[in-house]
Structures are given as C-alpha cells and as structure tokens.
Amino acid sequence: MSMTRYNSALWEQIELSESYLVSSMLEEATSLASLVIKQICGRDFGGETLEDLEEFYGMMESAGMVLVQSLSQLGRGPQILNQLKENFVSAEIPVEVFHTAVCIQISEGSLIVAQEFIEEFLNKCRYVDGKYYVGAEPELNVQKESNKRYILEIDQYMAIVETYTLALLATALKKVDLAISWIEKAAMPAENKQRQLLYGKKALTDLWQLAFSYQVNPLAVVQPLPPAPRGR
C-alpha cells in the first residue's frame, strides 16, 4: 500500500472514531482510537519525510483526543494517563492530548497520578536557544526543529506550568511554597518567569479572598477569576 493510501486509511479510521464519540458509542471510539495510535507508534519512521512526520503527529493528536474524551465519558478518568502511556509506548504523547488528560485527572481528584505524570513530562523538557524540546536528548532534537513532535511553543509550555503550579500544587494539593519555588527554579525566559510569579501570587490571593468571601456569602463562589496571561 502506498503512503498516500495508508495515510488516507488511517484518517478514515480517525474520522470513524470521532463519529463513534459523537454518537456516544464510547467503547467503539476508545478501541478504534487506541488501534490507530498503536498502528502509528509501531511504524519505523526512519525513511519518512518531514511532511509525513507532521501528518502522523496530527493523526496521533486527533486519535489521542478521541481516546481521552471517550475514556472520560466512560467514567474512566483516573485511568486516562496510564492508558495514554500504554498506547504511546514508543512515542511522545502529543502535548495537547497530554495537557487535556492531566486537567481531567486533576478535576476528578486523581492528584498523585497527575503529579507524577506532569512532573515526568516537565523533567523531559529542555530549554535550548529560546525553544522547549521534549525528550531526554535535546541536542538531537535541535536537529529536528521543524518537527512538532519535539518542540513546545512557549505558550504551550507555560499552560502546562500554570496547570502544574497553580491548579495542582497550589490549589489542589495546597503546596503554595512548592509551587512558587518550582517557578523560581524553572528554566524559562526571565519575562515569562516574572509574569508567572506575579500572576501566581495574585491568583493565590484571589483564591484565598474567594474562600473567605464564600464563608460570608456562598454566592461569591460563582464570581470568575481573572484569566491567566500567556507569555510568548
């Protein structure tokens, strides 16, 4: 089968899995999305062009989102990250898929699992010449600058940092000092670090004020917090 026909067949499977998801055929969506991911991860990418690699990344991202949403709707939220790790056994989990899964785990109270996975992910990120590379060997990833599998945009990285420090450490686990300490030590552009520290401290103050207000007026909890600024 030619590469074009092979890719078309994979996209058809992904579209079918998305249809299953929309139709609430969740077991079917989960199984098919998992199959697609394993098919792609099982390939030898040695002779592929950059365009092929980018397309395969898009496939993994699309199938991964179907898998995450299906598992969540099936009530298997606590299993999502482990399921992703089992499916993406030979490839990095696409960052948007990973971030969505972590947020679901946190929202459902699987805090320790979420912490382990997000810390493992952040430990694999390396800041080199203004870019974040995912993987244990950043010097090799630099040679693949155009490949989205290896590069995180600044706003993508900062979104995950925000989830880790504010949503998980400071808010869910009540480890405010650890959250601030992590930001201070993290490798990131100075302007992003300063913005994140300032926003983090302000957001925590807002949370404390909201908690106090709620004791006096329960309706105060519905007031929205200010949106987080995203560094670039």
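Refer to the structure presented above.
The model shown is predicted, which means the values in this text are computed figures rather than measured ones. (Residues numbered from 1 in each chain as written. Predicted model: local features only at pLDDT ≥ 70, side-chain atom pairs only at ≥ 80, totals over all residues. Heavy atoms only, no water.)

(A) The arrangement of the overall build of the protein in detail. From N to C terminus, the protein includes ten helices and three strands. Along its sequence from the N terminus, the protein presents helices and strands in the succession α-α-α-α-α-α-β-β-α-β-α-α-α. Every one of the 232 residues in the protein was classed for burial, and the buried ones make up 44%. Once local pairs closer than 6 in sequence are excluded, the contacts in the protein between residues at least 24 apart make up 64%. (Helix = DSSP H or I, 4+ residues; strand = E, 2+ residues; numbered from the N terminus. Buried < 20%, exposed > 50% of the residue type's maximum accessible area, 1.4 Å probe, protein only. Contact = heavy atoms within 4.5 Å.)

(B) Representation of the pairing of strand S1 (residues 125–128) within the structure. With four bridges connecting them, S1 and strand S2 (residues 131–134) associate as antiparallel partners. Note on S2: the bridge partner recorded for Arg126 is Tyr133. (Pairing = 2+ DSSP bridges.)

(C) Geometry of the layout of surface pockets. Approximately 250 Å³ is the volume attributed to the second largest pocket. Counting only elements with at least two residues in the lining of the second largest pocket, the list comes to helix H6 (111–123), S1, helix H8 (154–172) and helix H9 (176–185). Considering only residue class, the lining of the second largest pocket consists of ten nonpolar, one polar and three charged. (1 Å grid on protein atoms, 1.4 Å probe; cavity = no way out; pocket = protein on both sides within 12 Å on 5 of 7 lines; lining within 4 Å. Points joined across faces, edges and corners; volume = space filled by probe spheres on them. Nonpolar A, V, L, I, M, F, W, Y, C, P; charged D, E, K, R; others polar.)

(D) Examining the environment of Tyr20 more closely. Here Tyr20 shows up in helix H1 (residues 3–22). Those residues in contact with Tyr20 that lie beyond four places of it in its chain are Met25, Leu26, Glu28, Ala29 and Leu32.

(E) View of the packing of aromatic side chains. Across all of its chains, the model carries four aromatic pairs by this definition. Judged by centre distance (6.4 Å) and plane angle (65 degrees), the ring pair of Tyr6 and Phe56 falls under edge-to-face. Taken as a pair, Tyr6 in helix H1 and Phe56 in helix H3 (residues 50–73) lie far apart in primary sequence, 50 residues in all. Take Phe56: its relative accessible area is 1%, and that puts it in the buried class. Judged by centre distance (5.4 Å) and plane angle (75 degrees), the ring pair of Tyr164 and Trp182 falls under edge-to-face. (Phe/Tyr/Trp six-rings, centres within 6.5 Å; stacked < 30°, edge-to-face > 60°.)

(F) Layout of unusual backbone geometry. Within the chain, Ser24 stands out as a residue other than glycine whose phi angle is a positive 65 degrees. Within the element layout of this structure, Ser24 appears in the loop between H1 and helix H2 (26–41). With phi around 60 degrees, Lys174 is a residue other than glycine that occupies positive phi space. Exposure remark for Lys174: the relative accessible area of 63% places this residue in the exposed category.

(G) Seen up close, the packing of helix H5 (residues 95–107) against H6. At their nearest, the axes of H5 and H6 sit 8 Å apart, and the two run at 155 degrees to each other. By the angle between their directions, the pair H5 and H6 is classed as roughly antiparallel. Remark: the crossing between H5 and H6 carries left-handed chirality. Touching Val95, Phe98, Val102, Gln105 and Ile106 of H5 are Leu111, Val113, Ala114, Phe117, Ile118 and Phe121, all from H6. Grouping the amino acids of the contact of H5 with H6 by side-chain chemistry returns ten nonpolar, one polar and no charged. (Axes fitted to C-alpha atoms, helices over the stretch in contact; angles between N-to-C directions. Parallel < 35°, antiparallel > 145°, perpendicular 65-115°, else oblique. Left-handed = near helix turned anticlockwise from the far one by under 90°.)

(H) Here's a closer look at the pairing of S2. Counting the residues in the hairpin turn of S1 and S2 gives two residues, including Asp129, whose phi is positive at 50 degrees. With two bridges joining them, S2 and strand S3 (residues 151–152) adopt antiparallel strand pairing. Across the sheet, the residue bridging to Tyr133 is Ile151, located in S3.

(I) Just the nonpolar core, in detail. Ranked by internal contacts, the top residues of the largest apolar core, which has 57 residues, are Leu84, Phe98, Ile118, Phe121, Leu122, Leu152 and Tyr157. For Leu152, the residues in contact, after removing those within four places along its chain, are Val95, Phe121, Cys125, Tyr132, Val134 and Tyr157. (Core = buried A, V, L, I, M, F, W, Y, C linked by side-chain atoms within 4.5 Å.)

(J) Representation of the pattern of salt bridges within the structure. Applying the stated criterion to the full structure yields three salt bridges. Where Arg76 meets Glu27, a salt bridge forms, and the shortest distance between an N and an O atom there is 2.4 Å. Taken together, the residues span a long stretch of sequence, with Arg76 in the loop between H3 and helix H4 (80–87) and Glu27 in helix H2 at a distance of 49 residues. Of the residues examined, Arg76 reaches a relative accessible area of 25% and is grouped as partly exposed. Note on Glu27: relative accessible area 40%, which makes it partly exposed. (Salt bridge = Lys/Arg side-chain N within 4 Å of Asp/Glu carboxyl O.)

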